[in-house]
Amino acid sequence: MDYQDSSSPLRAHSQHYASQSNDEDDDEIESRHSGQNNDFSQADYFVEAERTYNNASWVYRLPADHEEVVRQDRLHYILLSLLPGLYRGPGVALDYGSRRWPNFSLRSIASGLVGLVYMGQMADETDITPLQHDSQFRNCTFMQVNAPAGLRTLGGNSFDVVNIRQMLHATDEYPSMVKEAHRLLRTGGILLVHEPQLQLHSAWEGYSLEDLAPCLAQMIGHLRAAYQYRGIDTELFSKMDQVLVEAGFDADGIDVYYHYRQACSEDPHSEVGMNEVLNAISFLYAARLMILETGVIDEDGFDQLMPGISDEVSGRSRGIAGPLGAQGMLSPWGYWWVIKGHE
Ligand SMILES: C[S@@+](CC[C@H](N)C(=O)[O-])C[C@H]1O[C@@H](n2cnc3c(N)ncnc32)[C@H](O)[C@@H]1O
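Computed from a predicted structure; not experimentally measured. (Residues numbered from 1 in each chain as written. Predicted model: local features only at pLDDT ≥ 70, side-chain atom pairs only at ≥ 80, totals over all residues.)

1. A closer look at the overall build of the protein chain
Using the following cut-off: A run of H or I in DSSP counts as a helix once it spans at least four residues, and a run of E counts as a strand once it spans at least two, with each numbered from the N terminus. The exposure label follows from counting other C-beta atoms within 10 Å of a residue's C-beta, where the C-beta atoms are placed from the backbone and the thresholds are 20 or more for buried and 12 or fewer for exposed, leaving partly exposed in between. Two residues form a contact once the distance between their C-beta atoms, set from the backbone, is within 7 Å.
The helix and strand inventory of the protein chain stands at 13 helices and 10 strands. Counting only residues that meet the buried cut, the protein chain has 38% of its 343 residues in that class. In the protein chain, 73% of the contacts between residues at least 6 apart in sequence involve partners at least 24 apart.

2. Focus on the confidence of the model for the protein chain
Put simply, the rule reads: Across the chain, each position has a pLDDT score giving the predictor's confidence in that residue, from 0 to 100.
When pLDDT is averaged along the protein chain, the result is 78; 71% of the residues meet or exceed 70. A low-confidence stretch, residues 1-7 (pLDDT under 50), is modelled with 11 contacts involving residues beyond four sequence positions or located in other chains. In this model residues 87-114 is a low-confidence stretch, pLDDT under 50, and it forms 53 contacts with partners more than four residues away in sequence or in other chains.

3. A word on the pairing of strand β6 (residues 159-165)
Just so we agree on the cut-off: A pair of strands counts as paired when DSSP detects no fewer than two bridges linking them. The handedness of a crossover follows from its direction of travel: if, with the strands pointing away from the viewer, the path from the first strand over the helix to the second runs clockwise, the crossover is right-handed.
Of all seven residues in β6, seven are buried, a share of seventy percent or more. Strand direction decides the pairing type here: β6 and strand β7 (residues 185-196), joined by six bridges, are parallel. By the bridge assignment, V162 is partnered in β7 with L191. You can see the chain leave β6, run along helix α7 (residues 174-184) and come back into β7, and the turn it takes is right-handed.

4. Description of the nonpolar core
To be explicit about the condition: By definition, a nonpolar core groups buried Ala, Val, Leu, Ile, Met, Phe, Trp, Tyr and Cys residues that connect through C-beta atoms lying within 7 Å of each other.
One finds A213, L216 and A263 to be the most contacted residues of the largest nonpolar core, which totals 64 residues. If you tally residues by element for this core, the top one is helix α9 (residues 214-229), at eight residues. Apart from the residues lying within four places of it in its own chain, the contact partners of L216 are A263, I309, E312, V313, A326 and M329.

5. Observations concerning the packing of helix α4 (residues 66-82) against helix α11 (residues 271-286)
Threshold: Angles run from 0 to 180 degrees between N-to-C directions of axes, and those axes are lines fitted to C-alpha atoms, restricted for helices to the stretch in contact. If an angle is under 35 degrees, it is roughly parallel; if it is over 145, roughly antiparallel; if it lies from 65 to 115, roughly perpendicular; otherwise it is oblique. By convention, the crossing between two helices is left-handed when the near helix turns anticlockwise from the far helix through less than a right angle, and right-handed when the turn is clockwise.
The geometry of α4 relative to α11 is characterised by a closest axis approach of 9 Å and an angle of 140° between their N-to-C directions. It follows that α4 is oblique to α11 by the angle criterion. Relative to α11, the crossing made by α4 is left-handed. Only V272, N275, E276, L278, N279, S282, F283 and A286 of α11 make contact with α4, whose side of the interface consists of E68, R71, R74, L75, Y77, I78 and S81.

Here it is, written out as structure tokens:
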């Protein structure tokens, strides 16, 4: 993929933000980023640098617009190709929701299924954003619910399946959300949790993250600071079993599978590789406001890091570990299956 090309995602994003910066003076940008604009805070949605965000949650500060839906879809295809065993059959059905994968059979996972609830699903079921609710399915009802508090309106012991995916960085009330999942499930019901660790690790002995991909390492540090600023517990991934047990699940009913994603795919020119590059860049642009609001970096600093990151995830790192250094940067993900036993 050639990032000098005029259709390159980085070029498109840079032009997008450059045109914004030219229009605004710095003071105005500063005041909007510090969240002091009451007009925006009164609205259900607000627009910042041509991206739309919702006001339902201050913690989840990623856009709620079509560009973000496209990114989430791209990520689904990446995960599908990385986890073929998990996403065929019932797994695929339950993880992805109906709009994207219409051929699933909910009944394949548990006979007599009465319902399922997805938490924070971009397209379906419960979410704070009524985005992309463009398909009607017999088994699915869309509700705008701010989890965990809003879930209390749903009856206990009334769901066969609860799916929580990519919510670790969305809420500062994750353990309470898992407690709600436990309450909602009937005995024998299944909780699926699929989350990234929110950390990168070096798999190349003797090389630090900075050696592998210096710009990305810096940005990931800013991102973690942004999560922590919003009260997100960035250590929860390694305590997931404890979170599940404290929510009421039996330790014996928990199964977990870990998988890893590389910051730069083995073959950046393959379809998945190109999707990974696009996803990395568009994710960081999606997180731009969240990072800027933290104050750890300013707009210029953010924009200066992005070309280097684009090179690194495309296999052209200038780090001392060599151009493919970002292949040695791993992002762990965990997939937990949990069965609710008798109380
Ligand atoms: C990273 S996306 C994950 C979407 C989907 N679960 C997936 O894996 O493709 C997080 C989603 O959670 C939603 N969200 C964030 N905070 C929420 C909350 N407190 N209650 C319900 N949904 C929330 C957002 O609107 C967004 O759609």
